[in-house]
Amino acid sequence: MTQQAELDKFNKLCDDLESGAVRVAEKVDGTWKVNAWVKETILSGFRLGKLTDMTQGQFSFFDKDTIPAQQFTAGSGVRIVPGGSSVRRGAHLASSVIMMPPSYVNIGAFVDEGTMIDSHALVGSCAQVGKHVHLSAASQLGGVLEPVGALPVIIEDNVFIGGNCGIYEGTIVKQNAVIATGVIINASTAIYDATCGEYIRANENGQIVVPEGAVVVAGSRPITKGAGKDDGIHIYTPVIVKYRDAGTSTSVTLEDLLR
């Protein structure tokens, strides 16, 4: 394939990603599957691009010319509140998404309708975010471009993610879950389910899956051997304290007036 043909393929993909016609990952028969070819094509855009001056006013910006910031119109139905937010090319923001400043959405990400991205929040490359999600201030959804066969971070519908959380390394948060302030989850972070006394560990694909409706808070567990045990050292462990009920839903409901 010639360089121009590769560039045409990349540009077409970006258009399809932005419209939502193509996604990096999709749920097929109840299981999330990655479209590796999409990630491969995204990576080609970095390789094909040339560093260019994207300076705006007094602010200096330099990036690959293949991946500029996206431009929106009022007709898109997306609210991007003034103050320094940016959406990179090749990301999809559905109508009624709200971005509070400053926040950032990277290439390949998919953000569905009714979702709020609060101040200082990051939606990393290829992350998939469902409907009516609240990504609170200073929380991060990690980007997963490589390896191309790896699933990105996936946040399903109606999930509430509290402030200063970090969801990384292809973690899947099932619908209606609540992630409380300050929780960090990655592939090596075992989650303790206090409702049944069992640990949730990475599956055969190396992913942590937060169950549907789980309410997860930051916690710790003691080291059980060696010097750490003798010194009373604990290590960080997210804890499922309960599963979502009417009381939980009331406490995390967003004000309709904000939307």
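Residues numbered from 1 in each chain as written. Predicted model: local features only at pLDDT ≥ 70, side-chain atom pairs only at ≥ 80, totals over all residues. Heavy atoms only, no water.

### Notes on the packing of aromatic side chains
- Enumeration over the complete set of coordinates arrives at one aromatic pair.
- Centre to centre, the rings of Y192 and Y199 are 5.0 Å apart; their planes meet at 55°, and the pair counts as tilted.
- The class for Y199 is partly exposed, based on a relative accessible area of 33%.
- Its guanidinium or amino end placed over the ring of F110, R23 lies 3.7 Å from that ring's centre, counting from NZ or CZ.
- The lysine or arginine in question, R201, covers the ring of Y199, its NZ or CZ lying 4.9 Å from the ring centre. (Phe/Tyr/Trp six-rings, centres within 6.5 Å; stacked < 30°, edge-to-face > 60°. Buried < 20%, exposed > 50% of the residue type's maximum accessible area, 1.4 Å probe, protein only. Lys NZ or Arg CZ within 6 Å of the ring centre and 35° of its normal.)

### Concerning unusual backbone geometry
- Geometrically, the link from P101 to P102 is a cis peptide bond, its omega value of -20° lying close to zero.
- With respect to the helices and strands, the residue P102 is situated in the loop between β8 (98-99) and β9 (104-105).
- Here E146 and P147 are connected by a cis peptide whose omega angle stands at -5°.
- Take P147: it is sitting in the loop between β15 (140-141) and β16 (154-155).
- Despite not being glycine, N176 shows a phi value in the positive range, around 70°.
- For N176, the position within the fold is in the loop between β19 (172-173) and β20 (178-179). (Helix = DSSP H or I, 4+ residues; strand = E, 2+ residues; numbered from the N terminus.)

### Notes on the environment of L122
- Structurally, L122 can be placed in strand β12 (residues 122-123).
- Counting along the chain gives 95 residues from L122 to K27, while the straight-line C-alpha distance between them is 23 Å.
- Those residues in contact with L122 that lie beyond four places of it in its chain are Y104, L135, S139, Q140 and L141. (Contact = heavy atoms within 4.5 Å.)

### Digging into the sheet that holds strand β14 (residues 134-135)
- What the ten strands build is an open sheet, ordered β5-β8-β11-β14-β17-β20-β25-β26-β22-β23; its pairing is mixed. One side of each edge strand has no neighbouring strand; the edge strands of this open sheet are β5 (79-80) and β23 (198-200).
- Here two bridges tie β8 to strand β11 (residues 116-117), and the two strands are oriented parallel to one another. Residue pairing across strands places M99 opposite I117, the latter belonging to β11. (Pairing = 2+ DSSP bridges.)

### Brief notes about the sheet that holds strand β13 (residues 128-129)
- Across the sheet, which stays open at both edges, the six strands sit in the order β7-β10-β13-β16-β19-β24 with parallel pairing between neighbours. If you trace the sheet from one side to the other, it starts and ends with β7 (92-93) and β24 (209-210), each paired once.
- Strand direction decides the pairing type here: β7 and strand β10 (residues 110-111), joined by two bridges, are parallel. Across the sheet, residue H92 finds its bridge partner in β10, namely F110.

### Structural notes on the nonpolar core
- Core analysis: the biggest nonpolar cluster contains 36 residues, and V105, V123, L141, I155 and I179 have the highest contact counts within it.
- Among all residues touching V105, those that are not within four sequence positions of it are S86, V87, R88, A91, L93, M99, V111, I117 and V123.
- If you look at the next biggest cluster of nonpolar residues, it comprises twelve residues, including V22, V24, V38 and C126. (Core = buried A, V, L, I, M, F, W, Y, C linked by side-chain atoms within 4.5 Å.)

### Concerning helix α1 (residues 3-19)
- Compared with an ideal rise of 1.5 Å per residue, which puts 17 residues at 24 Å, α1 spans 25 Å between its outermost C-alpha atoms and is within 8% of the ideal.
- When we look at burial in α1, the residues that qualify are E6, F10, L13, C14, D16 and L17. Looking straight down α1, one finds that the buried residues subtend no more than 165° of arc, so they occupy a single side.
- Buried residues belonging to α1 abut α2 (36-48) and β7.
- Of the residues trailing α1, G20 is marked for its positive phi of about 90°. (Expected span 1.5 Å × (residues − 1). Arc of directions from axis to C-beta.)

### Topic: the packing of α1 against α2
- Running from amino to carboxyl end, α1 crosses α2 at an angle of 120°, the nearest separation of the two axes being 9 Å. With respect to their mutual orientation, α1 and α2 come out oblique. When the axes of α1 and α2 are compared, the crossing they make is left-handed. Residue-level inspection shows Q3, E6, L7, K9, F10, L13 and L17 of α1 in contact with α2, the latter providing W37, V38, T41, I42, S44, G45, R47 and L48. (Axes fitted to C-alpha atoms, helices over the stretch in contact; angles between N-to-C directions. Parallel < 35°, antiparallel > 145°, perpendicular 65-115°, else oblique. Left-handed = near helix turned anticlockwise from the far one by under 90°.)

### Quick look at the pairing of strand β25 (residues 214-222)
- One ladder, built from two bridges, connects β20 with β25; its direction is parallel. Opposite V178, over in β25, you have V215 as the bridge partner.
- Direction of pairing for β25 relative to strand β26 (residues 234-243): antiparallel, over a ladder of nine bridges. In the strand pairing of β26, A214 is matched with Y243.

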